[in-house]
Each structure stands twice: as C-alpha cells, then as structure tokens.
Amino acid sequence: MNYYSLNHKAPNTTFEDAVVKGLAPDKGLYFPETITPLPASFFENIDHLSYNDIAFEALQQFVSPDIPKDVLKTIIAETLSFEFPVVKLNDNISTLELFHGPTMAFKDVGARFMARCLGYFNKDNTNQVTVLVATSGDTGGAVANGFLGVKGVNVVILYPSGKVSDIQEKQLTTLGQNIKALEVDGVFDDCQDMVKRAFLDDTLTSKMQLTSANSINVARWLPQLLYFMFAYKQLHKSHKDIVFSVPSGNFGNVCAGMMAQQLGLPIKHFIASNNQNNVVTNYLKTEQYSPKQSVQTISNAMDVGNPSNFIRIQEIYKNNFGTLKENLSSFSFTDEDTKVALKELYNTYNYVADPHGAVGYLGCKAYLKKNPKSHCVFLETAHPTKFLDVVEDVIKDKQALPPQIEAVMDKTKVATKISDYAGLKSFLLG
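Just so we're clear, the structure is a prediction, and the values are computed from it rather than from any experiment.

**Looking at the overall build of the protein**
Okay, step 1: The helix and strand inventory of the protein stands at 20 helices and 14 strands.
Okay, step 2: Taken over the C-alpha trace, the protein has a radius of gyration of 20 Å; the compact-globule value for 430 residues is 22 Å, and the two agree within 12%.
Okay, step 3: The C-alpha extent of the protein, read off along each of the three principal axes, is 55 × 50 × 45 Å.
Okay, step 4: Expressed as a percentage of the 430 residues in the protein, the buried residues total 62%.
Okay, step 5: Expressed as a percentage of contacts within the protein between residues at least 6 apart in sequence, the contacts between residues at least 24 apart total 77%.
Okay, step 6: Put simply, the protein shows about 16400 Å² of open surface, and 48% of that area lies on carbon and sulfur atoms.

Below, the structure written as structure tokens:
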C-alpha cells in the first residue's frame, strides 16, 4: 500500500515512510492510494471471528508489504489485550465502551499499534525518532503509555495548562524515561499549531527526525476503524440499521469509522456529536467551513476549533457535500446539556458515563427523533473517573477508582512550562 498527501504536492510513499514522517513533505496528511472492500462473507461470518482475526483482515492491506503478516499478527495481539463491550441501554440506544485499556481511553488502541509499528521499523536503526504530540486530554496519556520504553523513540507531549483533568495530567507527566511533557500556556489549538510549526522548521528537521502521534499519523488513525467492526460483531444479529454517534474533536475516530464503511461494514449513518466547539456542525448547516479558536468545556478532549482529520473525511466522499451529508449528521451541545445527559444516564439506566460519552448519547437522542427505527451506538471514549470532579458533582455519587487510575494518583508531576513556539524549539534543541 502506498500513501499520498492530501495537499497533492509530495511524492507518494510507503506505509513505513508515512508512519515515520507523520506528515508529508508538503505538510499534507497521508491517505491510502486504494481501499479494497472486504468480501461480503467476511461480515456475514464476523460472529465466528476473534477480534484479532477481524483486525488482521481489516488492517493487512494498509500496512503491507512494510509489515510482514507474522509481525502484524504479533502487533495486533499486543495491541488488543482488553475488551470492547457493547452495553445496551434500551431498544434504540447502546454504548460501545472503549475505556478498558491501560490508560482507560479509546486512544489506547491507536497509540499501542503505532508504538509497535514504529518499534518494528526502528529495530535496526541507530537514529533517534522524536514523537511530537499535542493533546487535549486523553491522547497524551495513551501515547505516553504506548511508547514508554520503545527503543530509539523519544516522546514530547504538549498539553494546555489547566485544561486537562487532573488524572489526564498525571497520566502524561509521571512516567519519566523517554516521555517528556510540556505544559503550554494556551489552549489545545496553540499546542497543535506549535507541533505543525515544528514540522515546518528546517532548523529542527535538519537535526532530528520528527513524527507525530496525533491522529494525523496513519498508524494512530487507521486502527480506530476496528471499534466499529467490533460493535457490529456484537449487534448485527439483533439490529439492522446501525448508526454510530461519535463524540468528535479532531475527527479521527468518526473518520476511521467511515474507513470501516469503505471496507464494506454495513453502517447506516454517522453522527458527529460536538460540544460547543461546533465547526463541523455549522459546516453541515451552511457549507461554510470556518475554523475558530476553541472554547473550554467539560468534555475537554473535544475542545478543538480546527479539526485536522476533517480533510480526510472530505477525501473519502470526494469533496462532494451532498454525499457527505447523506452519511454524516452533526449536533452541538452545551455543558449544561451534557450535565443533564450525565444525570439522565445515571438515573434512568444506572449508567455512569463520562462527559464525552454523554455528548455522544445526546447525539443519539437528537438523531432518533427523525429516525426512530435506527439503533444508535454512542462511543464511550473514556472512563468516567478520569473526570471525577464533573461526574461526581452531577450524579451525586462517589465513584471508586479503577487500578489503572489509582496507579498514577500518588506519582509526582514532571512538566516543563512553555508559553510560545520559541520555548518548544529551545526544549527540542536542548
């Protein structure tokens, strides 16, 4: 499989090169040259396949020939070492829990998969690779955990000061070893802009190999298509019109679901559930794509004012606005809406959600008003105890900490404070 830049000003390249570089030389996101649908029999017999078998068949075309089949099977086995249960709330709504991994966030799969790919590519290489990543919450912890101790890889994580939860901050600032954290005086978009600027800086790129572990990297993004296949495996016998409501920030997850659909997965529709950072919701209403400064919300991992992966979604649908609208709806909700949803989920279904999952639940309810025969699955993207202050205040019930969270609570935060790009550059060169 070769990959091309969505800026169309760089040569096509291999999966390995796309992973190691992160961005194309023209600073475009990489996209696979072809997408070959899986045979219909694959989905008809998906009940009889393990998660590892599903993952191997779905991902093989995207990594071949750079990763041999036996190596891919090992990477998958090490990546998918936890469960992905679907919990039914009522006849029309279920939730897919994606928080059973080591950092209790959906990004564990992509981070673990990419770390193992990069480790394989770097096994005989004496050069160091610096993974530069911006996080609005869960990405940082997942990347830190996934890359911890990987040979020849240094990780630098930028996060906005005071705008991630205490537990999220602990997960990305306490591991040490090859993981470094930079606390940025700003918002997530500032962190993301600094990372993009670093890739454009010849002074840096002439001295070090930079790559990204945000969902702009194909190895972080593509494995997320598996979530939708895993949910389908559990639901398709009892529900035909399956719709996914995806809490959306940088839009990598919903875009990955659309890739699963391109592979033949029978998904009826997608919902991008936004908080007040509603660039895409507005775009689907007006056909005017207008990025803006992000605003802080209680669903902080979605506080993105210029979602990087939306260009990939436009590519999937050949930049046809009408086709995109047939496949994607989007709704935007306030913090107050989110708190009402958290309370409703707890009181009505005895289900404790996190703020991001609550936004996904609201997306389901909004869509079902006009499509009552669908079965809507919202993605529960992080464990609720990662947002204890919000969740406990709303549901008025004390929550026990799972072992993954308890393990970081007493560790000491280590982070370097920076306020601008000059601070990042100085840190990297130092």
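Let's pick the thread back up.
**Description of unusual backbone geometry**
Okay, step 1: A cis geometry characterises the amide bond from Ser64 onward to Pro65, with omega recorded as 0 degrees.
Okay, step 2: Unlike most non-glycine residues, His8 shows phi in positive territory, near 60 degrees.
Okay, step 3: Along the chain, His8 turns up in the loop between β1 (2–5) and β2 (13–14).
Okay, step 4: Under the relative-accessibility criterion, His8 is labelled exposed at 55%.

**Some details on helix α6 (residues 138–147)**
Okay, step 1: In terms of burial, α6 is a largely internal element, nine of the 10 residues being buried.
Okay, step 2: Among the residues of α6, Asp138, Thr139, Gly140, Gly141, Ala142, Val143, Ala144, Gly146 and Phe147 are the ones counted as buried.
Okay, step 3: Along its buried surface, α6 packs onto α5 (107–121), β6 (129–134), β7 (153–160), α7 (166–173), β8 (179–184) and α10 (218–221).
Okay, step 4: In the segment just after α6, Gly149 is the residue with positive phi, at about 80 degrees.

**Observations concerning the pairing of β8**
Okay, step 1: Counting buried positions over the six residues of β8 gives five, a clear majority of the element.
Okay, step 2: Taking the sense of rotation as the criterion, the β-α-β connection linking β7, α7 and β8 turns out right-handed.
Okay, step 3: The pairing of β8 with strand β14 (residues 416–418) spans three bridges and is classified as parallel. Among the inter-strand pairings, Leu182 is bridged to a residue of β14, identified as Thr416.

**As for the UniProt feature "domain: Threonine synthase N-terminal" (unreviewed entry) in the protein**
Okay, step 1: Those residues carrying the UniProt feature "domain: Threonine synthase N-terminal" (unreviewed entry) are residues 2–79 in this numbering.
Okay, step 2: Counting secondary structure, residues 2–79 comes out at 46% helix and 12% strand; the distance between its end C-alpha atoms is 23 Å.

**With respect to the packing of aromatic side chains**
Okay, step 1: Tallied over the entire structure, the rule returns 20 aromatic pairs.
Okay, step 2: Measuring from centroid to centroid gives 6.1 Å for Phe15 and Phe121, while their planes differ by 65 degrees, and the two rings are edge-to-face. Of the two residues, Phe15 sits in helix α1 (residues 15–21) while Phe121 sits in helix α5, which places them 106 residues apart along the sequence. The same class applies to Phe15 as to Phe121, namely buried.
Okay, step 3: With a centroid separation of 5.0 Å and an interplanar angle of 90 degrees, the aromatic rings of Phe42 and Phe43 are classed as edge-to-face.
Okay, step 4: Judged by relative accessible area, Phe42 falls into the buried class, the value being 7%.
Okay, step 5: Each residue in the set Tyr51, Phe82, Phe84, Phe106, Tyr227 and Phe230 is aromatic and connected to the rest through ring pairs, giving one cluster.
Okay, step 6: In this structure, Lys73 is placed above the aromatic ring of Phe56, and the distance from its NZ or CZ to the ring centre is 5.0 Å.
Okay, step 7: Across from the ring centre of Trp221, 4.2 Å away, lies the NZ or CZ of Arg312, which sits over that ring.

**Quick look at the nonpolar core**
Okay, step 1: Core analysis: the biggest nonpolar cluster contains 124 residues, and Phe147, Leu158, Leu225 and Met229 have the highest contact counts within it.
Okay, step 2: For this core, the element with the highest residue contribution is helix α11 (residues 225–235), accounting for nine residues.
Okay, step 3: When residues no more than four places from it in sequence are discounted, the contact partners of Leu225 are Ala58, Leu59, Phe62, Ala256, Met259, Ala260 and Leu263.
Okay, step 4: Ile271, Ala341, Val359 and Val390 belong to the second largest nonpolar core, which has 31 residues in total.

Procedures and definitions
Residues numbered from 1 in each chain as written. Predicted model: local features only at pLDDT ≥ 70, side-chain atom pairs only at ≥ 80, totals over all residues. Heavy atoms only, no water. Helix = DSSP H or I, 4+ residues; strand = E, 2+ residues; numbered from the N terminus. Rg over C-alpha atoms; globule rule 2.2 N^0.38 Å. Buried < 20%, exposed > 50% of the residue type's maximum accessible area, 1.4 Å probe, protein only. Contact = heavy atoms within 4.5 Å. Areas by Shrake-Rupley, 256 points an atom, 1.4 Å probe, with all protein chains shown as cover. Right-handed = clockwise from strand over helix to strand, strands pointing away. Pairing = 2+ DSSP bridges. UniProt positions renumbered as here; feature names shortened; annotations may be inferred. Phe/Tyr/Trp six-rings, centres within 6.5 Å; stacked < 30°, edge-to-face > 60°. Lys NZ or Arg CZ within 6 Å of the ring centre and 35° of its normal. Core = buried A, V, L, I, M, F, W, Y, C linked by side-chain atoms within 4.5 Å.

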